[in-house]
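As a plain string of letters, each chain reads:
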Amino acid sequence: MKLDLESVKKLAKSIEEHNLSEISIEVNGTKLTMKKEELRQEVVTSNIKYVEQPTLTNKEIEIEEIESSEEIVVEGKEIVSPMVGTYYSAPSPDSEDFVKIGDKVEVGDTVCIVEAMKMMNEVKSSVAGTVVALRAENGKVVKKGDILFLVK
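Below: a short report on this structure. (Residues numbered from 1 in each chain as written. Predicted model: local features only at pLDDT ≥ 70, side-chain atom pairs only at ≥ 80, totals over all residues. Heavy atoms only, no water.)

**A few points about the pattern of salt bridges**
Then comes step 1: Per the counting criterion, the structure on display carries two salt bridges.
Then comes step 2: Residues Lys100 and Glu96 are paired through a salt bridge, measuring 3.7 Å at the closest nitrogen-oxygen approach.
Then comes step 3: For Lys100, a relative accessible area of 39% gives the class partly exposed.
Then comes step 4: You can call Glu96 exposed: its relative accessible area is 63%.
Then comes step 5: Notably, a salt bridge pairs Lys124 with Glu122, separated by 3.0 Å at the nearest N-O pair.
Then comes step 6: When its relative accessible area of 42% is taken as the criterion, Lys124 is described as partly exposed. (Salt bridge = Lys/Arg side-chain N within 4 Å of Asp/Glu carboxyl O. Buried < 20%, exposed > 50% of the residue type's maximum accessible area, 1.4 Å probe, protein only.)

**Focus: the sheet that holds strand β10 (residues 119-124)**
Strand pairing in a sheet relies on backbone hydrogen bonds. The paired strands run either parallel or antiparallel.
Then comes step 1: Ordered by their spatial adjacency, four strands build an open sheet running β10-β9-β7-β12, and the pairing between neighbours is antiparallel. Two strands lie at the open edges of the sheet, namely β10 and β12 (141-142), each paired on one side alone. (Pairing = 2+ DSSP bridges. Helix = DSSP H or I, 4+ residues; strand = E, 2+ residues; numbered from the N terminus.)

**Remarks on the nonpolar core**
Nonpolar side chains tend to gather and get buried jointly when the protein is soluble and globular.
Then comes step 1: Membership of the largest hydrophobic core comes to 15 residues, with the highest contact counts inside it found for Ile79, Tyr87, Val111, Cys112, Val123, Leu148 and Phe149.
Then comes step 2: For this core, the secondary-structure elements that each account for two or more residues are β9 (110-116) and β13 (147-151).
Then comes step 3: Look past the residues within four positions of Tyr87 in its chain and what remains in contact with it is Cys112, Ile113, Ala136, Glu137, Asn138, Gly139, Lys140, Val142, Leu148 and Phe149.
Then comes step 4: Core analysis: the next-biggest nonpolar cluster, separate from the first, contains six residues, Leu11, Ile15, Ile25 and Val27 among them. (Core = buried A, V, L, I, M, F, W, Y, C linked by side-chain atoms within 4.5 Å. Contact = heavy atoms within 4.5 Å.)

**With respect to unusual backbone geometry**
Then comes step 1: Residue Met117 is not a glycine yet carries a positive backbone phi of 55 degrees.
Then comes step 2: Among the secondary structure elements, Met117 is positioned in the loop between β9 and β10.
Then comes step 3: Here Met117 falls in the exposed class, since its relative accessible area comes to 80%.
Then comes step 4: Of note in this structure, Lys118 is not a glycine but carries a positive phi near 65 degrees.

**As for the pairing of strand β7 (residues 85-88)**
Then comes step 1: As defined by bridge partners, β7 adjoins β12 across two bridges and the pair is classed as antiparallel. Looking at the pairing, Gly85 lines up with Val142 of β12.

**Some thoughts on the environment of Glu22**
Then comes step 1: Mapped onto the fold, Glu22 is located in strand β1 (residues 22-27).
Then comes step 2: For Glu22, a relative accessible area of 42% puts it in the partly exposed group.
Then comes step 3: Sequence-wise, Glu22 and Lys35 are 13 residues apart; in three dimensions their C-alpha atoms are separated by 4.3 Å.
Then comes step 4: Ignoring anything within four residues of it in the chain, the contact list for Glu22 reads Thr33, Met34 and Lys35.

**A look at the side chain of Ser125**
Then comes step 1: Assignment of secondary structure puts Ser125 in the loop between β10 and β11 (129-134).
Then comes step 2: Reaching out from Ser125, the side chain makes a polar contact with the backbone oxygen of Val127 at a distance of 2.4 Å.
Then comes step 3: Each residue touching Ser125, except ones within four places of it in the same chain, is listed here: Ile79, Val105, Glu106, Val107, Gly108, Asp109 and Val111. (Polar contact = N/O pair within 3.5 Å; in protein donor to acceptor, adjacent residues only side chain to side chain.)

**Considerations on the environment of Ile101**
Then comes step 1: Summarising the element assignment, Ile101 is placed in the loop between β7 and β8 (104-105).
Then comes step 2: The class for Ile101 is exposed, based on a relative accessible area of 55%.
Then comes step 3: The spacing of Ile101 and Val132 is 31 residues in sequence and 5.4 Å in space, taken between C-alpha atoms.
Then comes step 4: Excluding anything up to four places from it in sequence, Ile101 contacts Val131, Val132, Ala133 and Leu134.

The structure is reproduced here in structure tokens:
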């Protein structure tokens, strides 16, 4: 087998067809690894529904809050915790958070700190884009692989 553009396209197609997450091949000393990156979807439920009730006087609309089960889907690429430890959103209690929802991040940007065994470990972004969701709570323990942020 020869590693040319057509072969690489066939390998990429194989990943889709066989539902693989990663494929590696070595030909004549050249190694090629392809990984499938999937968007993660999270469902956030809201218990608010608005009902309009017209009044006869000033034609105003009264909004009443009642129970509902509307779903909001948040999609994005994940930034996960590389280890078990305590999550910190800022370098110190007096400082601003490294990132907030709506901030743009680049690969390699520091997004938070995870403290493990008295060591402060900066967590770097593995993806570029806009932060669309924060999933960790400041000062709380996170496990390895826990989702910290979603970036779109």
